[in-house]
Every structure is written in structure tokens, then in C-alpha cells.
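# Descriptive analysis of the structure
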Protein chains: 2
Amino acid sequence: MGTQNEFVQLGHGSGGQMMKRLIDEVFLDAFGSPELFAGNDAGVAELPVQAQLDSFARSLGASSARAVASPVSSSAPARIAMSTDSFVVTPQFFPGGDIGRLAVCGTVNDVATSGAQPLYLSCGFILEEGYPLSDLRRICTSMAHTAREAGVRIITGDTKVVERGKADGVYINTAGVGVVPTEVNLSGANCRPGDLVLVSGTLGDHGIAIMSQREGLAFSTPIESDAAPLNHLIAAMLKAAPHTRCFRDPTRGGLASTLNEFAQASGVAITIDEDAVPVRPEVRGACEMLGYDVLQVANEGKIVAVVPAEEAEAALTAMRKSKYGENAAIIGEVSASSEASGTWTEAGQTDSASNQPSSAAIPAGSPGSVRVRTPWGSTRILDMLVGEQLPRIC
Amino acid sequence: MGTQNEFVQLGHGSGGQMMKRLIDEVFLDAFGSPELFAGNDAGVAELPVQAQLDSFARSLGASSARAVASPVSSSAPARIAMSTDSFVVTPQFFPGGDIGRLAVCGTVNDVATSGAQPLYLSCGFILEEGYPLSDLRRICTSMAHTAREAGVRIITGDTKVVERGKADGVYINTAGVGVVPTEVNLSGANCRPGDLVLVSGTLGDHGIAIMSQREGLAFSTPIESDAAPLNHLIAAMLKAAPHTRCFRDPTRGGLASTLNEFAQASGVAITIDEDAVPVRPEVRGACEMLGYDVLQVANEGKIVAVVPAEEAEAALTAMRKSKYGENAAIIGEVSASSEASGTWTEAGQTDSASNQPSSAAIPAGSPGSVRVRTPWGSTRILDMLVGEQLPRIC
């Protein structure tokens, strides 16, 4: 992407291919930290061990008894997970949630996907002059409620106000920090052939709820956002399936982006069964009416997990017992992806000649390495979104 | 503040009294964490000790040898400092800096004021459709450069795009995390009578640089923003003056807000000597022309410190040896503030009858507990800004 004469487009915020290009070619190019290159939703990094802390303290002159007496050097360095999201959703209040609940859930979930225990949040508000304080208070109450549910504390914050017309009511950024237990090492790069893919519930609810509210669509069954904090569900799953490879919440770009990111990071192919993916009938109907692929629609209270086959049933049971996992399902599997690409299919072209995933012939991580097995036995490629489907979803 | 029928005003982002009211009555009321109530620029909170981490790991099923073999329980809990700021400055490029340098410095400095060693940053971009990618790349290069200077890494990020007209080019949020050494315990509530007040250099440079650029004002000597990462300066000061009470960077609201916050948190009075405050002549001239009190103008590369008198010279020397502290000065002192308020002066009323600070008769933390001793021997009250002086300064 030659950035001369190029401009930000809505698609750069889509969670799909354009956003990935922007991240790779602008942000990674400039910032280039190993944590960013790892490509997970939370950056995991080491804190100095206690002995180093004490040394830093001594270098500051704080050479008191306590700092010197307990130079604990035997412990492994603690690792923190950190993540951030800005929230610009419109409308700010919608069935099933609001921008405040989203702002807490989004960051809690991103931190939790690293296997960390989320502990603390920061919160930055950008307010437009003229925004009703009663709405702001309602948003804050929702944030506080959601933080309590997740078991995290908001410990620092910031407020900026911009002139009327220079923002759109309220934008909220949250950043979150958690600690990663010593033995936990999750990454989208960990998937191995034979692993199974699980999802914690119905897909597409958030995206369709926002779209319905925005466009004034009415369905016989109201569609609500699924916005929910998933850290307790993830902790329960990790206990039941300690060798889980990775978690990711399929937000912008939906399941399609998540699975393509996993396939690319791990150099594997992934095939899911369309029939196995839980979707509410009303959401499926809305997607058909609006021309969306539900697998590309955003979720805000769902988790995708890749788990070794032998732990998949235990993981599924743990999910289903959790508050937000009653509709969990095993939806697909990971397979090897050959470097030989003689027969690989162009992105978007349906591979209907075979009811086997042809992923063995697809270059690792290429477009086409994620496939959907349709109910009638064919497979189709599941690509990341190219442009923008629905801006301002979160 | 009854929030019914009230609306966000520019003054709510000023760093002055209106912002304080908004924080107290909306954010603190909703979130109410002890870290927020402490009222410092960074929230300081404990991480679970290693033994608790291991216990959490075991509860997740990760009962491997390493987690069990080293349950380090003797160490004190590690403490992290976390802070966040959103940056909405306009213009985004200005003499002496840009929004990217500000976004790194602002958060690094807020974390460092807790005495922590800043380590990691998150970064959230809100981009307006149509923003030039070349400008975005320039901002990111500046952020990367500044992060290297400060010795911190950007480990996680987020990108949102809003439609044309729904933002103002680019807004950036950063959050930062650092570790607080065991013996360090800084807070604006620590000031004691007899302490001295130091500032690390000339005041008002950032605010006047932005204002000049925005209004197209030309001065014979160009005025540049002071935006700079101050963590190395703070570490050097803490080494030289280990009993330093507190640091704060006087950004929005300037020195006036910082000193009033200290006075209120500590229940003391503070008096500064106007003559002792370093101000560049061209900044002083601009302030006189524009009708600003330079003590209320924003800085982005300055630190205010309160230090016990016996360590003040050492602190000053350390500041002056640091890269961004050559113009450091001792500018005032802390005194007791009596609860008896018989003679206390109304805010804004000049106490010209005496060349002694009358702070002994001022209720702790009241408006009026910060005073300026003028060159001709009188004193005036130094209040926090009431409304907004200059929006979008950072």
C-alpha cells in the first residue's frame, strides 16, 4: 500500500482484509513490537521479576530494609496481557446493550482470550459538546454494572470534549490489563491438524441487532445484541480443556475473520460445517433479507476456541454450563495445509466438485484455507470481508 | 450537578473546575473504585502475588510441575500503574510536535508520575474516512520514535473508522502500564507543610504553540511545544530525592490545576513566587496579548514535584542535569491550612494587604488555598480554570 495519495476508507475499520493491510503496512511497520507481530487480540508481555523491581527501586534510592530483604529472584517473570478497543457504535443504545456495556465487554473479552484473568480497565471518553449528561450517566451506570459482572475495576480515566459537530455524541476507549498464569500460553498460531473448532453460541446477533435498530427494521422476534463478558466462561473452559490452543471473540469481520486469522497464523486449513453453526432463525432470516453472510457478521458475546480433539467434549460441556454458553457447539476441524499449491482454488470460487475440503492443496494461510461444508455436501471458501459490511458496529 | 437537562460543554474537558465536577459527579459516582478516588493521574493497583497466580493457574487445570514447584509466596504483591489519555488536538501537526508524540508523552508521563517505570502502551485510533494515510504514517513514525526515546513498547492496538464528518481526522487514545517499585508511594495527598514546590522548566510553551499555530499568529521567536517524555527525568529525581511526595504533569489547566489538586488532596496551602516561575519571554508576551494567565496554560513536557525541603536542592540538581530539565526551578512552598476560616478570602479576591500568604486561615483544599506572591509583595489567589480556555489542546 503506497500511502501517498491514499486515504482512510470505511473498509479500513471493517475487521477484514483492508484493516489487516492497514495494520500490517502502517502500524506494524512503524511500531514493530514482537507483541503486535504475534497478531493476537491482547499483547502479552513480561513484567520485570521482583528482583529487577527491587533493583530499579534501589536505583531510585529506595534502599530500605524491605526492598533489600526480599529480593525474590526465583519466581518466573509475571506476564500481563493488555488490550484496547475504541467504541464508536451508533446508535449508542440498542436492544440487548449500549456502548458502555460493549466498551467493557470488548476489552475484557480480548484480555481473557489470552487466558489471562482480566483485572483492571482504563476508560477514555471523547464527548461531543451538547451531548446529554443523562445519556452519559446511563452509559457509565451500564459500564459499572458490566465491570462488576466481569469482576474488573476501572482504575483510571480521561475525558476530552470536542466542539459540536466534531464527533458523534460519545466515543469510548477502554484498555484492559490482566495477569497470565505461568502455564498458560494461548495463541492463534497454536492450531494443529486434528484440533476441533468450537463456538460458544449463536452467531450474528450483535450485528443484526445494530442493523435493525439503525434501519428501523422490525422482526416478529426482536433481535438483541449478545454483548457479554466472557472471562468466566473462558476460565471454566480452560479448566476443563487445559490444552486449548486459542480463543478469539469474533467481533468485526465475524467468524470468517477469526478463522482466517487462525489459519494464517498457524499455517493450517480449517473447515466448518455450515449446519453445525448455531444461528437464530430470525438472524438467519434477516441475513438472507439483507444479503449478509452471517459468518461475517459481528458478535460481541461469543467466543471461538480451537481445542485438541480429546478435550473437545469437556470444553463443550464447560461452555454449555456457563452463563453465556448454553448454545455452544463444535462446528469444524483443523487440517494440514500443504505448501504445494497445484490445485488451489481462487478466492471466492466454489469448490463444488468435491465434498471433501480441498484444503490439503491450499498454501498455508492463503485465502481459501478456510472452508465451509454446506448441507448439500459441497464446500465453499470462507473469506475475510474485503470492504466494509456495516460501519460503526462497535 | 443534576444531569437532567444538562449537556456536555467544552468546559467539561478543560482540566479545570467543570471537568472536576463531571468526574466527581458522573464518573466517580458510577465507577467508584478506590484507585479513581485517589485522584492521581495514574491508577495504582496490586497484581496478585505469584502464589495467587499459581492458584488461579491450578484452578484452570494447569497443574504442571512448574506452577506447583515455585509457589513464591514471600514476595509483596507487584503493583502496576495504569493511565490513559485520548488525544484530540488540533492542528495535528504543530511546532515542536504532533498528535503522535503527544499521545506517547502524555501517557508515559502520567504513568511515570506515580513513580512507576512505564513499560507498555496500547494505542487506539479513531480515523475519519478520507484522512490521508500519509499523515497517519507520519503520526505513527512520530509515536514510534517517541516510544523508543521513552523506552516503552506499543504492544496492542485498535483501529476504528467513522464516516466523513463524524470525527475530525484522527483521535488517538493511549493507555500505559508500568510497575511501581516496592518502596515508592507517591500521591498528591502526600504534601506536608514545609515541603517545596519544583517545576522542571518553562511554563505555557505547549498551549501557546498550539494557539499560535491555530490562529496563525507569528512571533519574532517561534514558540514550540514542549511535548517530551519525562520518565527518565522523574527516575533521576526520585533517585536524588527519594522522599519526593508527588509528581504531576501540568497539562490541561496548567500549574493552577495541578497545585489546587495537590492542595485539596493533601489539605494544605501552597504559595508560589510569581518571579520564580520560569516563563519564556515570548510566551509571557503572547499570554499578555491574548489575556491568558500563563499559570493556567497547558504544558506537555513539564513536571511539578513536591519535595521535602532537605531534598529540594538535590532534586533541583537532578532535574537540571536531565535532558528536559535545564530550566528547572524551586517556585514555592507548602504550608499548613487551618480549618478555622474566619478570615478566609473569597476566591478571586486579591489579598493585597499582606505580603505573607494568608493560607493559614484558609480551609484545607478550598478555593483560595493556592496563592501567588507577586513581585510587588502582594498575593493573589490562583484558582483552577472555571470554563474552557483553549479547547483541543491535547
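Residues numbered from 1 in each chain as written. Chains lettered and ligands numbered in written order. Predicted model: local features only at pLDDT ≥ 70, side-chain atom pairs only at ≥ 80, totals over all residues. Heavy atoms only, no water.

Once that is clear, we can look at the overall build of chain A. Within chain A one finds 11 helices and 14 strands. Expressed as a percentage of its 394 residues, the buried residues of chain A come to 62%. Considering only intrachain contacts with a sequence separation of at least 6, the fraction spanning at least 24 residues in chain A is 81%. Per element, the accessible surface of chain A, about 13500 Å² overall, is 49% carbon and sulfur. (Helix = DSSP H or I, 4+ residues; strand = E, 2+ residues; numbered from the N terminus. Buried < 20%, exposed > 50% of the residue type's maximum accessible area, 1.4 Å probe, protein only. Contact = heavy atoms within 4.5 Å. Areas by Shrake-Rupley, 256 points an atom, 1.4 Å probe, with all protein chains shown as cover.)

Residue and element names in this part refer to chain A. Judged by pairing direction, the sheet is mixed, and its 5 strands sit side by side in the order 1-2-7-5-6 without closing on themselves. If you trace the sheet from one side to the other, it starts and ends with strand 1 (43-46) and strand 6 (153-162), each paired once. Geometrically, the sheet is characterised by an average inter-axis angle of 20 degrees between neighbouring strands, direction not taken into account. Where strand 5 (residues 117-128) and strand 7 (residues 170-180) come together, 10 bridges link them in antiparallel fashion. Counterpart to Tyr 120 in the pairing with strand 7 is Val 177. Against the sheet, helix 5 (residues 99-112) touches strand 2 (79-87), strand 5 and strand 7, its axis set at about 150 degrees to strand 2. (Pairing = 2+ DSSP bridges. Axes fitted to C-alpha atoms, helices over the stretch in contact; angles between N-to-C directions.)

Moving on to the confidence of the model for chain A. All names here are of chain A. Of all residues in chain A, 84% attain a pLDDT of 70 or more, and the chain-wide mean is 87. Here residues 62-74 is modelled with pLDDT under 50, and outside its nearest four sequence neighbours on either side it reaches 24 contacts, counting other chains as well. Note that pLDDT drops below 50 for residues 339-360; the model gives that stretch 49 contacts with residues more than four away or on any other chain. For this predicted complex, the interface score ipTM comes out at 0.89, alongside a pTM of 0.89. (pLDDT = per-residue confidence, 0-100.)

Take the environment of Gly 130 of chain A next. Structurally, Gly 130 of chain A can be placed in the loop between strand 5 and helix 6 (133-150). Taking the C-alpha atoms as reference, Gly 130 of chain A lies 6.6 Å from Arg 164 of chain A; in sequence the two are 34 residues apart. Sequence-distant contacts of Gly 130 of chain A, that is, excluding residues within four places in its chain, are made with Arg 164 of chain A together with Phe 7 and Val 8 of chain B.

Turning to the packing of helix 5 (residues 99-112) of chain B against helix 6 (residues 133-150) of chain B, a few remarks are in order. Relative placement of two packed helices is described by the angle separating their axes and the distance separating the axes. Residues and elements named next belong to chain B. Look at helix 5 against helix 6: their axes get within 7 Å of each other, and the N-to-C directions meet at 30 degrees. Note on packing geometry: the crossing formed by helix 5 with helix 6 is right-handed. Here Ile 99, Gly 100, Arg 101, Ala 103, Val 104, Cys 105 and Val 108 of helix 5 lie close against helix 6, whose contacting residues are Ile 139, Ser 142, Met 143, His 145, Thr 146, Ala 147, Glu 149 and Ala 150. Partitioned by chemical class, the residues of the contact of helix 5 with helix 6 number 9 nonpolar, 4 polar and 2 charged. (Left-handed = near helix turned anticlockwise from the far one by under 90°. Nonpolar A, V, L, I, M, F, W, Y, C, P; charged D, E, K, R; others polar.)

Further remarks concern the packing of aromatic side chains. Taken as a whole and judged by the stated rule, the model has 5 aromatic pairs over all chains. Ring centres 4.6 Å apart and planes at 20 degrees place the aromatic pair Phe 27 of chain A and Phe 125 of chain B in the stacked group. Of this pair, Phe 27 of chain A sits in helix 1 (residues 17-31) while Phe 125 of chain B is found in strand 5 (residues 117-128), placing the two residues in two different chains. There is no split in this pair, since Phe 27 of chain A and Phe 125 of chain B are both buried. (Phe/Tyr/Trp six-rings, centres within 6.5 Å; stacked < 30°, edge-to-face > 60°.)

Between the two copies, chain A and chain B, the superposition gives an RMSD of 0.0 Å; the rotation angle is 180 degrees and the shift along the axis is 0.0 Å. Here the symmetry operator amounts to a two-fold rotation axis. Residue Ala 167 of chain A of chain A places its C-alpha closer to the rotation axis than any other residue of that unit, at 2.2 Å. (Least-squares fit on C-alpha atoms with pLDDT ≥ 70 in both.)

According to the stated counting rule, one finds 42 salt bridges over all chains in the structure shown. Close ionic contact of Asp 29 of chain A with Arg 137 of chain B constitutes a salt bridge, the shortest N to O distance being 3.0 Å. Of this pair, Asp 29 of chain A sits in helix 1 while Arg 137 of chain B sits in helix 6, placing the two residues on different chains. A relative accessible area of 54% places Asp 29 of chain A in the exposed class. The partner of Arg 392 of chain A in a salt bridge is Glu 163 of chain B, with the nearest N and O atoms 2.6 Å apart. Of this pair, Arg 392 of chain A sits in the segment after strand 14 (379-381) while Glu 163 of chain B sits in the loop between strand 6 (153-162) and strand 7 (170-180), each in a different chain. (Salt bridge = Lys/Arg side-chain N within 4 Å of Asp/Glu carboxyl O.)

Let us now look at the interface of chain A and chain B. Counting from both sides, the interface comprises 111 residues of chain A and, opposite them, 111 residues of chain B. In this assembly, chain A packs against chain B so that about 9500 Å² is buried in total across both faces, 67% of it on carbon and sulfur atoms. For the pair chain A and chain B, the interface holds 12 salt bridges. The partner of Asp 85 of chain B in a salt bridge is Lys 160 of chain A, with the nearest N and O atoms 3.6 Å apart. Our count for the contact surface shared by chain A and chain B stands at 28 residue pairs in polar contact (both at pLDDT 80 or more). (Buried area = accessible area lost by both parts, 1.4 Å probe. Polar contact = N/O pair within 3.5 Å; in protein donor to acceptor, adjacent residues only side chain to side chain.)

Of note, Ser 212 of chain B is situated in helix 7 (residues 205-215). Contacts of Ser 212 of chain B, omitting those with residues within four sequence positions, involve Leu 217 and Phe 219 of chain B.

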